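Given next are the chains, with one letter for each unit.
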Amino acid sequence: MKKLKLFYNPFSGNKSFKFDLDVCIGIFQEGGYEVHPFRTLHPGDIDKHIAQMDPNYDIVVASGGDGTVNIVLNAMMRRGLHIPLGIIPSGTANDFATYLGFKSGQVEDVCKTIVSTKPVDIDLGLVNDSIFFINVCAGGFFTNVSQTVDKDVKNALGSLSYYLKGVEQLPQFRKIPFRITTSKEVIEEDLYFYMILNSAGTGGFTNLSPEASITDGEFEFIAIKGRPLIEMTPVLMKMITGEHIHDKNVLYLKDHYFKIECLDETFKIMESTVDGEMGPDMPFDVKVIPKAIPVFGKFDEVDKHKPNIMEFLKNAGVPTKL
């Protein structure tokens, strides 16, 4: 019988995955897999377990938010495991799973997809030759939002809590000088924040990079230029609909290499985030590792539509009848 390792974080999101555990195991067993679950109890235990576990699993599945997926991914890559990865979205932020066509709360559908489809080799990001990411590396203002949102508020409001916390930072906004080096050019520009994206979205915005591909060997760099704040509102609205890429206030680049430097030593938010988790301080570099790991997804059904504002508000948990 084939073997499947299931890592799950019981503390992710609304903590409801434990009620779906039996459904998952049942579907995996019916698919011909012997299931070995691992329940994370404290920080670092997934890393230790993967470092010592049998490398001959046929599938590894991670249930949790983006952070849990990142932990499993990094531990696998450090071990040199090229095992197909399945992702069950059960956290507050499930950006990469959303891109794969998986929806939070639809565990049965996700598990059936994992046992009935073939995985696709996707690109990964590598920061400073030491930290892998599957979806996004970001910096500047808004960078520390996911770390400063109260966990109870995050669970109650979901992605809306990130937007509300981000609004709190607006009075502190000032333009920050950056140097962005790619394989083709060096750009010095005043920015508010930047994102290096593998998939199309992050932070609940599903169409930040409409042309993104997780198999093309390149990432999208998207940043908001340091213009007067009054000019930001229309840009943010365009980011909801995916129409911001060619806006004059947006810096958009595409490459397989980026080096990020902050030219203002007094800037207090020098750290980056990697898949929503705390990353290294600037300066740092990012490389694309092409087709680094096989991942399951609904690749024939990945939703590329541009959401309207009412749909965005609904998904964020805001009443649409205003």
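Predicted, not measured: the structure shown is a model, and the values here were computed from it. Here the residue numbering is sequential within each chain, running from 1 through the sequence in written order. In view of the model being predicted, local features appear only for residues whose pLDDT reaches at least 70, and side-chain atom pairs are presented and counted only at 80 or more, with totals across whole chains, interfaces and linings using the full set of residues. Hydrogens and waters are ignored; side-chain quantities use all the structure's heavy atoms.

**Examining the overall build of the protein**
Okay, so step 1: Put simply, DSSP marks the helices as runs of H or I at least four residues long and the strands as runs of E at least two long, and each gets a number from the N terminus on. Broken down by element type, the protein carries 10 helices and 15 strands.
Okay, so step 2: By definition, residues are in contact when any of their heavy atoms lie within 4.5 Å. Sequence separation of 24 or more characterises 77% of the internal contacts of the protein that already satisfy a separation of 6 or more.
Okay, so step 3: Under the convention used here, a 1.4 Å probe and the Shrake-Rupley method define accessible areas, while residue burial counts only the protein chains that appear. Just so you have it, the protein exposes about 14600 Å², and 53% of that area is on carbon and sulfur atoms.

**Points about the packing of helix 2 (residues 45-52) against helix 3 (residues 66-79)**
Okay, so step 1: It is the contact of helix 2 with helix 3, at a shortest axis distance of 9 Å, that shows an interaxial angle of 30 degrees. Our classification of the angle between helix 2 and helix 3 gives roughly parallel. Regarding helix 2 and helix 3, the two cross each other, and that crossing is right-handed. Where helix 2 abuts helix 3, its residues Ile46, Asp47, Ile50, Ala51 and Gln52 lie against Ile71, Val72, Ala75, Met76, Arg78 and Arg79. What counts as an axis is a line fitted to C-alpha atoms, over the stretch in contact for a helix, and the angles between N-to-C directions run from 0 to 180 degrees. Any angle from 65 to 115 degrees is called roughly perpendicular, while one under 35 is roughly parallel, one over 145 is roughly antiparallel, and all others are oblique. The hand of a helix crossing depends on one turn: near helix anticlockwise from the far one by less than a right angle means left-handed, and clockwise means right-handed.

**Observations concerning unusual backbone geometry**
Okay, so step 1: Residues Met282 and Pro283 are joined by a peptide bond in cis, for which omega reads 0 degrees.
Okay, so step 2: Mapping Pro283 onto the fold places it in the loop between strand 14 (277-281) and strand 15 (284-295).
Okay, so step 3: Non-glycine residue Lys15 carries a positive phi angle of around 60 degrees.
Okay, so step 4: Along the polypeptide, Lys15 turns up in the loop between strand 1 (2-8) and helix 1 (21-30).

**Here we look at helix 2**
Okay, so step 1: Only protein chains enter the area calculation, which uses a 1.4 Å probe; residues under 20% of their type maximum are buried, those over 50% are exposed, and those in between are partly exposed. Buried residues of helix 2: Asp45, Ile46 and Ile50, and no others. Projection of helix 2 onto a plane perpendicular to its axis shows the buried side chains occupying an angular sector of 125 degrees, all on one side. Away from its buried face by more than 90 degrees, helix 2 exposes Lys48 and Gln52.
Okay, so step 2: Contacts from the buried residues of helix 2 go to strand 1, strand 2 (33-39) and helix 3. The arc in question is the one spanned by the directions pointing from the helix axis to the C-beta atoms.

**So, the side chain of Asn135**
Okay, so step 1: Along the polypeptide, Asn135 turns up in the loop between strand 6 (131-133) and strand 7 (136-140).
Okay, so step 2: Accessibility expressed as a relative area gives 3% for Asn135, which makes it buried.
Okay, so step 3: N or O atoms closer than or at 3.5 Å make up a polar contact, with two conditions inside protein: a donor-capable atom paired with an acceptor-capable one, and, for residues adjacent in sequence, both atoms drawn from side chains. Within the structure, Asn135 has its side chain in polar contact with the side chain of Ser199 (distance 2.4 Å).

**Comments concerning the environment of Val186**
Okay, so step 1: Along the chain, Val186 turns up in strand 9 (residues 186-197).
Okay, so step 2: Each C-alpha atom, one on Val186 and one on Lys259, is 9.2 Å from the other, the two residues being 73 residues apart in sequence.
Okay, so step 3: Discounting residues that sit within four places of it in the chain, Val186 has contacts with Arg179, Ile180 and Thr181.

**Let's talk about the pattern of salt bridges**
Okay, so step 1: Salt bridge, as applied in this entry: a Lys or Arg side-chain nitrogen positioned within 4 Å of an Asp or Glu carboxyl oxygen. The tally for this structure, following the rule as stated, stands at 12 salt bridges.
Okay, so step 2: Here Glu108 ties to Lys112 by a salt bridge, and the two come within 3.0 Å at their closest N and O atoms. Of the two residues, Glu108 and Lys112 are both situated in helix 5 (residues 107-116); the distance of 4 residues between them amounts to about one turn of the helix.
Okay, so step 3: Here Lys254 ties to Asp216 by a salt bridge, and the two come within 3.3 Å at their closest N and O atoms. In this pair, Lys254 is assigned in strand 11 (residues 250-255) and Asp216 in the loop between strand 9 and strand 10 (219-225), connecting sequence segments 38 residues apart.
Okay, so step 4: Exposure remark for Lys254: the relative accessible area of 29% places this residue in the partly exposed category.
Okay, so step 5: Look at Asp216 and you get partly exposed, because its relative accessible area is 32%.

**Brief notes about the pairing of strand 14**
Okay, so step 1: Alignment of strand 13 (residues 271-274) against strand 14, held across 3 bridges, turns out to be antiparallel. Following the sheet pairing, Thr273 is matched in strand 14 by Met278.
Okay, so step 2: In this structure, the hairpin formed by strand 13 and strand 14 is closed by a connection of 2 residues, where Asp275 is found at a positive phi of approximately 50 degrees. When DSSP finds at least two bridges between two strands, those strands are taken to pair.

**A short note on the packing of helix 1 against helix 5**
Okay, so step 1: For the pair helix 1 and helix 5, interaxial distance at closest approach is 9 Å and the crossing angle is 25 degrees. One element, helix 1, and the other, helix 5, form an angle in the roughly parallel class. In terms of crossing hand, the pair formed by helix 1 and helix 5 is right-handed. Contacts between helix 1 and helix 5 involve Val23, Cys24, Ile27 and Phe28 on the former and, on the latter, Val107, Glu108, Cys111, Lys112, Ile114 and Val115.
Okay, so step 2: Tallied by class, the residues present in the contact of helix 1 with helix 5 amount to 8 nonpolar, no polar and 2 charged. Think of it as three bins: nonpolar holds Ala, Val, Leu, Ile, Met, Phe, Trp, Tyr, Cys and Pro, charged holds Asp, Glu, Lys and Arg, and polar takes everything else, Gly as well.

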